[in-house]
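Close look at the chain arrangement
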There are 2 protein chains.
Amino acid sequence: MSRSLPSRSELGREILARAAALARHSDSATNYTRTYLTPAHQAAARDIARWMREAGMEVRVDAVGSVIGRYAANDAGARTLLMGSHFDSVRNGGRYDGVLGILVPIACVAELNARGERLPCAIEVAAFADEEGARFQTSFLASRAMLGRLDPAVLERRDAQGVALRDAMIVAGLDPARIAEAAIDTSRLGAYVEVHIEQGPVLLDEGHALGVVTSIAGGTRHTLTVRGESGHAGTVPMPRRHDALAAAAEMVLAIEKRCAAGGSLVGTVGMLEVKDGTGNVIPGEVRFSADIRAGDDATREAAEADAFAACESIAKRRGVTLERTRTHHVHAVPCAPWLQDALARAIEAIDAPRPRNEVRRLPSGAGHDAMILAEATEVGMLFVRCGAGGVSHNPAETVDAEDAGAAAQALLTLLALLAKKGSGSFLARAEKGT
Amino acid sequence: MSRSLPSRSELGREILARAAALARHSDSATNYTRTYLTPAHQAAARDIARWMREAGMEVRVDAVGSVIGRYAANDAGARTLLMGSHFDSVRNGGRYDGVLGILVPIACVAELNARGERLPCAIEVAAFADEEGARFQTSFLASRAMLGRLDPAVLERRDAQGVALRDAMIVAGLDPARIAEAAIDTSRLGAYVEVHIEQGPVLLDEGHALGVVTSIAGGTRHTLTVRGESGHAGTVPMPRRHDALAAAAEMVLAIEKRCAAGGSLVGTVGMLEVKDGTGNVIPGEVRFSADIRAGDDATREAAEADAFAACESIAKRRGVTLERTRTHHVHAVPCAPWLQDALARAIEAIDAPRPRNEVRRLPSGAGHDAMILAEATEVGMLFVRCGAGGVSHNPAETVDAEDAGAAAQALLTLLALLAKKGSGSFLARAEKGT
């Protein structure tokens, strides 16, 4: 890997052209939607497999439909660096979400292959078949299956048309009885690296093409129900009211305020419903959600405790009752420090936009396959700047070709660092026998 | 009218027994719902007509189905004191709302008739066929028709089953072509007095059986739409957000705060909807209602100006847009001072619960037929304490028999005052030729 890096524009243009080609495989005639096991999804899998083969990889399709390309090491007994992301999408989504984390590694392996270079570790690129789970309301199905942690109960889930996941697999040529065979031998994994668009505005706002993910935020979701006293909007004097909506409004602001304390902490009330809400009736019952996330669990837990204590005291003061149910909980997943450092060195080594010569490190507020892989190996993530104000899960999602090219350059640089067995990597530790 | 008043308990028990009898005429087998021109509504009209006849009144049914009883004056040329309220209900309503204002005057006329007394004015009791308008989404249909101010376009309205109001009239034996004939000669009206349950908790909280209405609140209703920027609940840092729900929550509290300034002013956000609201998406658009009322228009207008200016500045500070549409507007209707005073003297004259020997005067936050009659004559309203925490438009609505009896005693006392042609009444002024 002594040769100079291929041109960023050239790499970027090819990656974006492939993303555009994949985007043509859509379940919908009018927007970009590619859900698990549909004809469009299978067509995308075929394109990905072809590009992997063209990059010199051996390709297999696993038991749940993920496409996995392998580029052997220079040493048959070496461990594997896994890279990848997902090729399903949300409904009416953006064409880079997931796909970028498949196309960038393929471009890197193609470059190694063109040079005839092998690394001291095998490289595998996983195109995960289902992460968003828009069709069967699953989540991380394919990466869970890869770790042998897929609950077979999901086979009974049905899509909006009533088709069971089990039957969709059969139609797609997969055997639902064999999903356990998707499990890999995780003891062979050295690390997992995922390239992903940021899906937020931080890199864009600050002028960074790339960013190093410090951790994938943990989060909880809660449903809160406020019960006050409904009444006639004209006849109940203000001091006599126990307005469930006014109470909920104060709680929304209390959650917002506490979660604006800084850092990676965010808090969102995305859903709020007034029961039997109508213009001339004082609301008697309001239900709302609270989604609280942070890059580390302690920060999130402290914010939750404060925010919900504030909600309780608002309820008490206003003479309403408050019920809260936690509906979702995931712990934060830290990215391996050595991988963060190696990715930062890779970014420093290439000439991508980087204000004040700094490397931006930031948490990921969204969940990624890396959260699942972290159960089996060390993970790292490289964020690519998201255009159009940072929107994602939206047709307006964009990535600049130069930024996609920069991501490929950075990933090639990371591979070169690994080849040197430096940076405290699993290879360095293997050398030392740790 | 020199004889002592009939017993409060006796009067009250009969009024409540009749309210219970009317409540059996319901559109629903499971709750109290009586809407315009249904079989239950017509059965109620027949009961009311019978009670009016038994009280010595001549009864007519007008062109829209209102039942009007007349008890002639001792002077053929005398003007008319009109009393009344409505006998339709909201869906799943309370049995005293409206009905009390029909049954109390009938009980009073029955007492005059038993004594063989006539007054220097005719008495008419109007049982208005439609005020709530729950079936055809009308409002004050019957009292508007009485003033010749009913828009014939309402005939085309359809109920939830698709039945046109016009056809419902024909089925009920009314001629939709003749609704104009419901109009009375308003020059013969001396005044209008409406007895009504308070529909709020003020008299109950303060221990008054009866209250004198100072004015019927005017009000406006508005729809406000906040547009911010939707986004991923995990990836958009707090300072970068333009959360439409957080902005709306702040506006809800600003409206509540300004409308809590005291007096008759009230403000309610009864409806609030988050467009496409879901737990993990920052709300991009929120629509909510604001209902603001006060006993006088100047108070309400000042509150509206301040509250909406506060909303505008919240929108500006948060970088969201705010659109506001006024969907409803009625002016406040003051009750005639001489009628307020006469009702207060009547309350003073009877021995009903009245803390600190005061007569409670209060605005009506709800609309009543008196608002419409005020376009043609002077109006007064007597409020009766509402039990069960002041709830109305609800099956829990209650009135104490003693309080209903007190209302009848007070109304009889008012009639005695009028018979003396005192109190600055229309009769006193007719004497003086004013």
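Rules of the game
Residues numbered from 1 in each chain as written. Chains lettered and ligands numbered in written order. Predicted model: local features only at pLDDT ≥ 70, side-chain atom pairs only at ≥ 80, totals over all residues. Heavy atoms only, no water. Helix = DSSP H or I, 4+ residues; strand = E, 2+ residues; numbered from the N terminus. Expected span 1.5 Å × (residues − 1). Buried < 20%, exposed > 50% of the residue type's maximum accessible area, 1.4 Å probe, protein only. Arc of directions from axis to C-beta. Contact = heavy atoms within 4.5 Å. Axes fitted to C-alpha atoms, helices over the stretch in contact; angles between N-to-C directions. Parallel < 35°, antiparallel > 145°, perpendicular 65-115°, else oblique. Left-handed = near helix turned anticlockwise from the far one by under 90°. Nonpolar A, V, L, I, M, F, W, Y, C, P; charged D, E, K, R; others polar. Polar contact = N/O pair within 3.5 Å; in protein donor to acceptor, adjacent residues only side chain to side chain. Salt bridge = Lys/Arg side-chain N within 4 Å of Asp/Glu carboxyl O. Buried area = accessible area lost by both parts, 1.4 Å probe. Pairing = 2+ DSSP bridges. Domains from an automatic or database assignment. Lys, Arg positive; Asp, Glu negative; His and termini not counted. Least-squares fit on C-alpha atoms with pLDDT ≥ 70 in both.

Turning to helix α8 (residues 297-318) of chain B, a few remarks are in order. Its 22 residues give α8 of chain B an end-to-end C-alpha distance of 31 Å, which sits within 8% of 32 Å, the value for a rise of 1.5 Å per residue. All buried positions along α8 of chain B are accounted for by D297, R300, A303, E304, A307, F308, C311, I314, A315 and R318 of chain B. For α8 of chain B, the angular spread of the buried residues around the axis is 125 degrees, confining them to a single face. Set apart from the buried face of α8 of chain B by more than 90 degrees, the exposed residues are A298, K316 and R317 of chain B. Elements that come into contact with the buried residues of α8 of chain B comprise α7 (244-259) of chain A together with β7 (218-227), α7 (244-259), β12 (285-294) and β13 (321-330) of chain B. Of the residues one or two after α8 of chain B, G319 of chain B is the one with positive phi, at around 65 degrees.

Residues and elements named next belong to chain B. Positive phi is not limited to glycine here, since Q199 has a value of about 65 degrees. Along the chain, Q199 turns up in the loop between β5 (189-197) and α6 (202-206). Located in the positive-phi region is D276, a residue other than glycine, with phi close to 50 degrees. Mapped onto the elements, D276 comes out in the loop between β10 (272-274) and β11 (281-282). Accessibility expressed as a relative area gives 65% for D276, which makes it exposed.

All names here are of chain A. At a minimum axis distance of 8 Å, the contact between helix α9 (residues 337-349) and helix α11 (residues 401-419) shows a crossing angle of 120 degrees. Between α9 and α11, the interaxial angle falls into the category oblique. Between α9 and α11 the crossing geometry is right-handed. From α9, W338, A342, L343, R345, A346, I347 and A349 reach across to α11, where they touch A410, T413, L414, L417 and L418. Each residue belonging to the contact of α9 with α11 can be placed in one class, and the counts come to 10 nonpolar, one polar and one charged.

The next point concerns the environment of S66 of chain A. Residues and elements named next belong to chain A. Note that S66 resides in the loop between β1 (58-61) and β2 (67-71). Taking the C-alpha atoms as reference, S66 lies 8.7 Å from A182; in sequence the two are 116 residues apart. Dropping the residues within four chain positions of it, S66 is found in contact with R60, V61, A127, F128, A129 and A142. For S66, the side chain forms a polar contact with the main-chain nitrogen of A129, separated by 3.1 Å.

All right, on to the pattern of salt bridges then. Residues and elements named next belong to chain A. All told, the structure shown has 62 salt bridges over all chains when counted by the stated rule. Among the salt bridges present, the one from R385 reaches D403, with a minimum N-O distance of 2.8 Å. Here D403 lies in helix α11 and R385 lies in the loop between β16 (379-384) and α11, a separation of 18 residues in the sequence. One salt-bridge network, held together by shared partners, links E14, R18, D47, R50 and E54.

This part is about the interface of chain A and chain B. Interface extent is often summarised as the accessible area lost during association of the parts. Between chain A and chain B, the contact holds 49 residues from the first and 49 residues from the second. Interface area for chain A against chain B, summed over the two sides, is near 3800 Å², with a carbon-plus-sulfur share of 61%. The largest share of the area that chain A buries against chain B comes from T235, M238 and R240 of chain A, three residues that together contribute 15% of it. At the junction of chain A and chain B, the tally comes to four salt bridges.

What follows deals with the pairing of strand β3 (residues 80-86) of chain A. All names here are of chain A. For β3, the buried fraction is high: seven of the seven residues fall into the buried class. Across the two faces of β3 the burial is the same, with T80, L82, G84 and H86 and L81, M83 and S85 all buried. Relative to strand β5 (residues 189-197), β3 is paired through four bridges, and the arrangement is parallel. Residue T80 lies in a different strand from β5, and its bridge partner there is L189. Looking at chain direction, β3 and strand β4 (residues 122-128) are connected through seven bridges and run parallel.

Right, let's talk about the domain arrangement of chain A for a bit. All names here are of chain A. By the assigned domains, chain A splits into domain 1 (8-216 + 333-432) and domain 2 (218-330). Between the C-alpha centres of domain 1 and domain 2 there is a distance of 37 Å. With six residues of domain 1 at the contact, the number on the domain 2 side is five residues. Where domain 1 abuts domain 2, roughly 340 Å² becomes buried across the two surfaces, and 54% of that area is made up of carbon and sulfur atoms. When the area that domain 1 buries against domain 2 is broken down by residue, the three leading residues are P363, G365 and M371, summing to 61%. Where domain 1 touches domain 2, the interface holds zero salt bridges. Where domain 1 meets domain 2, there are three residue pairs in polar contact (both at pLDDT 80 or more). Among the residues making up the side of domain 1 that touches domain 2, the classes are represented as four nonpolar, two polar and no charged.

A separate point is the side chain of E198 of chain B. Mapped onto the elements, E198 of chain B comes out in the loop between β5 and α6. No salt bridge is formed by the buried E198 of chain B; the nearest opposite charge belongs to R360 of chain B, separated by 7.7 Å. Among all residues touching E198 of chain B, those that are not within four sequence positions of it are T235 of chain A together with L203, L204, L362, F383, V384 and C386 of chain B.

This part is about the relation of the copies chain A and chain B. Taken as rigid bodies, chain A and chain B are interconverted by a rotation of 180 degrees and an axial shift of 0.1 Å, the fit giving an RMSD of 0.1 Å. Taken together, the rotation and translation relating the two chain copies correspond to the operation of a two-fold axis. Every residue of chain A has its C-alpha some distance from the rotation axis, and the shortest such distance is that of A249 of chain A, at 2.2 Å. When the interface residues of chain A are mapped onto chain B, 100% of them are again interface residues, pointing to one common binding face.

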